[in-house]
There are 2 protein chains.
Amino acid sequence: MSILLNRPSAASPIPLAALDLPKPYLLFLGDAADTTFLKTGLGLRDWAPDLCIAEHKCAGAAATLELPVMPPRAAYAAGARALVLSAASIGGAIRESWIPYLVEALAAGLDIISGAHDRLADNGRLRQAAEAHGRRLIDVRTPPPGLPIASGRRRSGKRLLTVGTDCALGKKYTALALAEAFRARGLDADFRATGQTGIMIAGRGIPIDAVVSDFVAGAAEMLSPDADRAHWDVIEGQGSLFHPSYAGVSLGLLHGSQPDVLILCHAHGRDRIVGLPDYPLPSIGRAIEVTVQQAQLTNPAVRCAGVSLNTAGLSADEAERAIAALARDWGLPVADPMRGGPAFDRLVEACLL
Amino acid sequence: MSILLNRPSAASPIPLAALDLPKPYLLFLGDAADTTFLKTGLGLRDWAPDLCIAEHKCAGAAATLELPVMPPRAAYAAGARALVLSAASIGGAIRESWIPYLVEALAAGLDIISGAHDRLADNGRLRQAAEAHGRRLIDVRTPPPGLPIASGRRRSGKRLLTVGTDCALGKKYTALALAEAFRARGLDADFRATGQTGIMIAGRGIPIDAVVSDFVAGAAEMLSPDADRAHWDVIEGQGSLFHPSYAGVSLGLLHGSQPDVLILCHAHGRDRIVGLPDYPLPSIGRAIEVTVQQAQLTNPAVRCAGVSLNTAGLSADEAERAIAALARDWGLPVADPMRGGPAFDRLVEACLL
């Protein structure tokens, strides 16, 4: 990080290089037997219904997202402009059995969008078909070129970032729900995506965990540029400051986002980092204290407005009790955005104070 | 960071993929007029004298490192196995005027090692010459493939990491001096390099700021693997937790290094982040408090043993007073490793307590 000459800076007005995807989508479910492996597809259907024209899958696959079923040509005629790989596979691979379906989609005029680790263009048949039909192969996990080193300069407009006590507990859904609630209140708000599913939902964004470490904070600065004073960017968090594998990613995103408001995301009953049983989660109070302290570097006025509690698996009564108990213990607004209700309204109001 | 299946883990015994460089070196000084632009060359001469066979430069260039002057063929005959680009250029470019000299070195049997941003193989003449002569073009800023996601698992052996109140104030030199002092006391110690100059000095390492963010902590775990209980890894720090552009890099390196001992590096008189005058440096006490707190995630027993104070530009008397004042103010061992003396001996002893 010593040679900074001739690098672009986030402070200079360069064009936003964040991915901008062709849309709307035909969702490809692969050979999934049920919705367990359709995390991306479920996210798209639930959060970007306007972008989801139809679904398509391998012959004999049982899973469905309950969208209209269309082959690529019909979907193109209905307006679709890209086929999205909506099923996860072990190791993030693109399965050989999917290739004929993807080639057919390219021939029908659709680009292909993938969030897999494997790069689409590394498959020779896909590369040839895309060239033959003049179509694009878009890997959402590949960051745009020309990302800047962070400048640390304060930007105009308001920003909210979701942070977590761990990975995989609702930071994306919380950000989506808050952005929607802000807009429902008549505010000008954008969801800013930092992971592959979020980018497909938003149609644009930067896959922050795939960015070279020197540029993470700069990418976050570029993702939420100067905006109108009353505008809100609601930014999808990544990882956790308390995760021994990913805390650096989270800190770069936190600094570059320079949030005015933090929402701490937590999963009810979780007390260890998933997959790392030697690592206990911090208490809610400790997590807020440390995260606010770190965030103050780039925005001394940052505050935590409350907690988003993932209560999946609890009954409605149990969830209500868990939310009330946490709110009482820590004296903060707490809600499960997936359940909505008055608790969520109070959390939204606390963000907008 | 959601799809972790099929990724290697630092906990499994994979071969160390850190760069391992051909050596010893012929140092190429380019067209430098004086030593101002020879940071890499000076570092190599001062810290890896055994690796530096000779120097070579463009016709008419005035700079010298006061090494024997040899053209590539003579250097090869004297044992050299690589030519190292030892001069910095604006923007980290490889200058066109250097190319004939580099082609000549390849023809003489030397590999070429570069820490520049430009990749050597992107130059067609270099690529062709390397292929024709069966030589390697080694970009030290390119991380090795196959880096793991951090496991957070505790490793055997002892580790020291140099951290800083800012960038560019002596973290590499402090680590080099401490590793040398440890060895002088009969201890088994390795300097672990995380930046391009450090990697050239050590002959191996990982350029941590060029690693994709998800893998930074994992790269740091790989850089200092399990070792004998009495063995010390002295790890070169990067960036600063207080730098708005790079704190995420520093945090990933801190967590993956899981240091037992921290040495805080600071430059006398510096009170702002270099190049970012809106960002004041933390006090020494605050810097130690925050860094230790963050480091406790992966090593609860971490401690800060003292401060390395860069006193370049001060007279010997002024430096002694500055060191004594800081030691008194914070109740810690303080020394400038470049000046050595009893203060440095006390700092070394404090590391080994």
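The structure displayed is predicted, hence computed values, not measured ones. Sequence positions are assigned chain by chain, starting from 1 and proceeding in written order. Going through the entries in the order they are written, you letter the chains from A and number the ligands from 1. Under the rules for a predicted model, residues below a pLDDT of 70 receive no local features and side-chain atom pairs below 80 are neither given nor counted, while totals for whole chains, interfaces and linings still include all residues.

A few words on the overall build of chain A. Secondary structure elements follow DSSP: runs of H or I of four or more residues count as helices, runs of E of two or more count as strands, with numbering from the N terminus. Looking only at helices and strands, one finds 11 helices and 15 strands in chain A. For chain A, the C-alpha radius of gyration of 21 Å lies close to 20 Å, the compact-globule estimate for 353 residues. Seen through its principal axes, chain A has C-alpha atoms that stretch 60 × 55 × 45 Å. Using C-beta atoms placed from the backbone, we call a residue buried if 20 or more other C-beta atoms fall within 10 Å of its own, exposed if 12 or fewer do, and partly exposed for counts in between. Counting across all 353 residues of chain A, residues that qualify as buried make up 54%. In chain A, 75% of the contacts between residues at least 6 apart in sequence involve partners at least 24 apart. To get the radius of gyration, use the C-alpha atoms; to get the globule rule, take the number of residues to the power 0.38 and multiply by 2.2 Å. Our contact criterion uses C-beta atoms placed from the backbone: two residues qualify when those atoms are within 7 Å.

Residues and elements named next belong to chain B. Strand pairing requires that DSSP identify at least two bridges connecting the strands. Read from one edge of the open sheet, 6 strands run β8-β10-β7-β11-β14-β15, paired in parallel fashion. Edge positions in the sheet fall to β8 (189-192) and β15 (334-335), since each of these pairs with one other strand and no more. Direction of pairing for strand β7 (residues 158-164) relative to strand β11 (residues 261-267): parallel, over a ladder of 5 bridges. Across the sheet, Leu161 pairs through a bridge with Leu262, a residue of β11. Structural elements are reduced to axes, namely lines fitted to C-alpha atoms, with helices fitted over the stretch in contact, and the angle between N-to-C directions of any two is expressed from 0 to 180 degrees. Most of the contacts of helix α5 (residues 171-184) go to β8, to which it runs at about 170°, and overall it touches β7, β8, β10 (232-235), β11 and β14 (303-310).

Residues and elements named next belong to chain B. Secondary-structure assignment places Ile208 in the loop between β9 (204-205) and α7 (216-223). Judged by local crowding, Ile208 falls into the buried class, with 32 C-beta atoms found within 10 Å. Sequence spacing of Ile208 and Thr194 is 14 residues, and the spatial spacing of their C-alpha atoms is 5.3 Å. Setting aside anything within four residues of it in sequence, one finds Ile208 in contact with Thr194, Val216, Ala219, Ala220, Gln238, Val249 and Leu253.

Time to look at the domain arrangement of chain A. Residues and elements named next belong to chain A. Parsing chain A into structural domains produces domain 1 (22-139) and domain 2 (158-352). A C-alpha centroid distance of 29 Å is found between domain 1 and domain 2. If you look at the interface, domain 1 gives 11 residues, while domain 2 gives 6 residues. With 5 residues, the single largest contributor to the side of domain 1 that touches domain 2 is helix α1 (residues 39-47). Under the convention adopted here, Pro, Cys and the residues Ala, Val, Leu, Ile, Met, Phe, Trp and Tyr are nonpolar, Asp, Glu, Lys and Arg are charged, and Gly plus all remaining residues are polar. Among the residues forming the side of domain 1 that touches domain 2, the class breakdown is 6 nonpolar, 3 polar and 2 charged. Marked domain ranges trace back to an automatic or database domain assignment.

The next point concerns the nonpolar core. Most often, soluble globular proteins keep nonpolar side chains buried together rather than apart. Any nonpolar core is a set of buried residues, restricted to Ala, Val, Leu, Ile, Met, Phe, Trp, Tyr and Cys, that join up through C-beta atoms within 7 Å. By size, the foremost hydrophobic cluster in this structure holds 226 residues, and its most contacted members are Ile112 and Leu178 of chain A together with Ile112 and Leu178 of chain B. Once you skip the residues sitting within four places of it in the chain, Leu178 of chain B turns out to touch Leu160, Val234, Ile263, Pro337, Val348 and Cys351 of chain B.

As a further point, take the interface of chain A and chain B. On the side of chain B, 41 residues touch chain A, which itself brings 41 residues to the contact. Taken together, the elements giving at least two residues each to the side of chain A that touches chain B come down to α7 (216-223), α8 (247-257) and β13 (276-280) of chain A. Here the residues of the side of chain A that touches chain B sort into 23 nonpolar, 15 polar and 3 charged.

Looking now at the relation of the copies chain A and chain B. Superposition of the copies used a least-squares fit over C-alpha atoms from residues whose pLDDT is at least 70 in both. It takes a turn of 180° to lay chain A on chain B, together with a shift of 0.0 Å along the axis; the resulting RMSD is 0.0 Å. Classification of the inter-copy transformation places it as that of a two-fold axis. In this assembly, 100% of the residues forming the interface of chain A have copies in chain B that are likewise at the interface, indicating an isologous arrangement.

Remark on secondary structure: sheet strands pair via backbone hydrogen bonds, oriented parallel or antiparallel. Residues and elements named next belong to chain B. The strand order β3-β2-β4-β5-β6 describes an open sheet built from 5 strands, whose pairing is parallel. The open sheet has two edge strands, β3 (52-56) and β6 (137-139), and neither has a second partner. Recorded for the sheet is a direction-independent mean angle of 25° between the axes of neighbouring strands. Most of the contacts of helix α1 (residues 39-47) go to strand β2 (residues 25-28), to which it runs at about 145°, and overall it touches β2, β3 and β4 (82-85).

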